[in-house]
Amino acid sequence: MQIHQARFLCSAVSPEHYPPADLPEVAFAGRSNVGKSSVINTLLNRKNLVRTSKTPGCTQLLNFFEVNGRWRFVDFPGYGYAKVPAEERRRWRPMVERYLNGRRTLRGLVLILDVRRLPSPEDLSLWSWLQERGLAVIAVVTKVDKLSRNERAKQISAIAGRLGWGPESLLRFSATSGEGREELWSALEALLGGQER
Ligand code: GTP
Ligand code: MG
């Protein structure tokens, strides 16, 4: 995918601050520090359009981006980071549910998992919530550069087992090597070209 335009639009908590619902949109979610922002930067060929950090939990808002004047990406705040104050953690779920339930232009969600870890209770809870609502999900396992081929295959089948999907349906990704970038773009184009809800 050629990226000729990518820009940050705004951060929002509630619908009155979302950008207008006039372009197909996809959201990116996952636990804190899993590598969400890095996945988006890799897709957009940018080093730092989306802020990445070694300190988890620094993004506590929905961040909207516009891509090629045709699509919007939404970077969700990570979940499951113990040091985020309890009050902020409580705000995550209603903020995200309101967005997922109400956003007409939303075509699907990219759920990002760390290849080295089994899905957390929060991952599984989001996963089943999405399945119940029939929202399209692309499951991505990232940081695959951190494991050997063997370990990777073992982990991916364990993760897939927890999700109740086949291992082949998980997309392998690395922001470090760029592996999986084209495959993820193909999956995204299929979603973004789809029908409105
Ligand atoms: P929050 O927004 O804080 O929840 O984090 P995030 O999920 O957006 O993660 P982010 O992209 O900021 O990455 C967290 C850390 O993991 C950073 O230090 C990244 O450099 C590193 N990282 C992200 N993706 C990869 C990857 O594919 N491979 C390796 N080796 N490191 C990665
Ligand atoms: Mg982030």
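Up top you'll find the structure we're talking about.
Residues numbered from 1 in each chain as written. Chains lettered and ligands numbered in written order. Predicted model: local features only at pLDDT ≥ 70, side-chain atom pairs only at ≥ 80, totals over all residues. Heavy atoms only, no water.

Colleague: An account of the side chain of S120 is needed here, citing residue identities and associated values.
Modeller: Looking at where S120 falls in the secondary structure, it is placed in the loop between β5 (106-114) and α3 (121-133). With residues near it in sequence (within four places) discarded, S120 still touches R31 and Y79. (Helix = DSSP H or I, 4+ residues; strand = E, 2+ residues; numbered from the N terminus. Contact = heavy atoms within 4.5 Å.)

Colleague: Describe the sheet that holds strand β4 (residues 71-75), listing the residues and the values that go with them.
Modeller: The sheet built from 7 strands is open, its strands ordered β1-β3-β4-β2-β5-β6-β7 with mixed pairing. One side of each edge strand has no neighbouring strand; the edge strands of this open sheet are β1 (6-12) and β7 (171-172). As paired strands, strand β3 (residues 62-67) and β4 are joined by 5 bridges and run antiparallel to one another. Within β4, the residue paired with E66 across the bridge is R72. Lying over the sheet, helix α4 (residues 149-163) contacts β5, β6 (137-142) and β7, oriented at roughly 130° with respect to β5. (Pairing = 2+ DSSP bridges. Axes fitted to C-alpha atoms, helices over the stretch in contact; angles between N-to-C directions.)

Colleague: Could you give an account of the packing of aromatic side chains, with specific residues and numbers?
Modeller: In this structure the tally under the stated criterion is 10 aromatic pairs. Consider the rings of Y18 and Y99, whose centres lie 5.6 Å apart with planes at 75°: the pair is edge-to-face. Of this pair, Y18 sits in the loop between β1 and β2 (25-30) while Y99 sits in helix α2 (residues 86-102), and the two are 81 residues apart along the sequence. Both residues of the pair, Y18 and Y99, count as buried. Three or more aromatic residues joined by ring pairs form one cluster here, namely Y18, F64, F76 and Y99. (Phe/Tyr/Trp six-rings, centres within 6.5 Å; stacked < 30°, edge-to-face > 60°. Buried < 20%, exposed > 50% of the residue type's maximum accessible area, 1.4 Å probe, protein only.)

Colleague: Outline the pattern of salt bridges, listing residues and values.
Modeller: One side chain can pair with another of opposite charge once the charged atoms of both are near each other. The full count for this structure, using the stated rule, is 9 salt bridges. Note that E25 is salt-bridged to R103, the shortest N-O span being 2.8 Å. Of the two residues, E25 is situated in strand β2 and R103 in the loop between α2 and β5; the sequence distance between them amounts to 78 residues. Across the pair E179 and R152 runs a salt bridge whose closest N-O atoms are separated by 2.9 Å. Of this pair, E179 sits in the loop between β7 and α5 (181-192) while R152 sits in helix α4; the two residues are 27 residues apart in sequence, bridging distant segments of the chain. Residue E179 is classed as partly exposed on the basis of its relative accessible area, which comes to 27%. Overall, the relative accessible area of 10% leaves R152 in the buried class. The network of salt bridges with shared partners includes R7, D22, E66 and R72. (Salt bridge = Lys/Arg side-chain N within 4 Å of Asp/Glu carboxyl O.)

Colleague: Report on the pairing of β3, specifying residues and quantitative values.
Modeller: With 6 of 6 residues buried, β3 is to be regarded as a mostly interior element. Residues L62, F64 and E66 point to one face of β3 and N63, F65 and V67 to the other, with burial holding for every one of them. The pairing of β1 with β3 spans 6 bridges and is classified as antiparallel. Counted as the bridge partner of F8 is F65 from β3. Where β3 hands over to β4, the hairpin turn is made up of 3 residues, of which N68 adopts a positive phi near 50°.

Colleague: Tell me about α4, and name the residues and values.
Modeller: If you check α4, its first and last C-alpha atoms are 21 Å apart, about what 15 residues at 1.5 Å a residue would give, namely 21 Å. Restricting attention to buried positions, one finds in α4 the residues R152, I156, I159, A160 and L163. Buried residues along α4 cover an arc of 100° about the axis, so they all sit on one side. The exposed set on the far side of α4, more than 90 degrees from its buried face, consists of N150, K154 and G161. Tucked into the core, α4 has its buried residues touching β5, α3, β6 and β7. (Expected span 1.5 Å × (residues − 1). Arc of directions from axis to C-beta.)

Keep in mind these values describe shape, not function.
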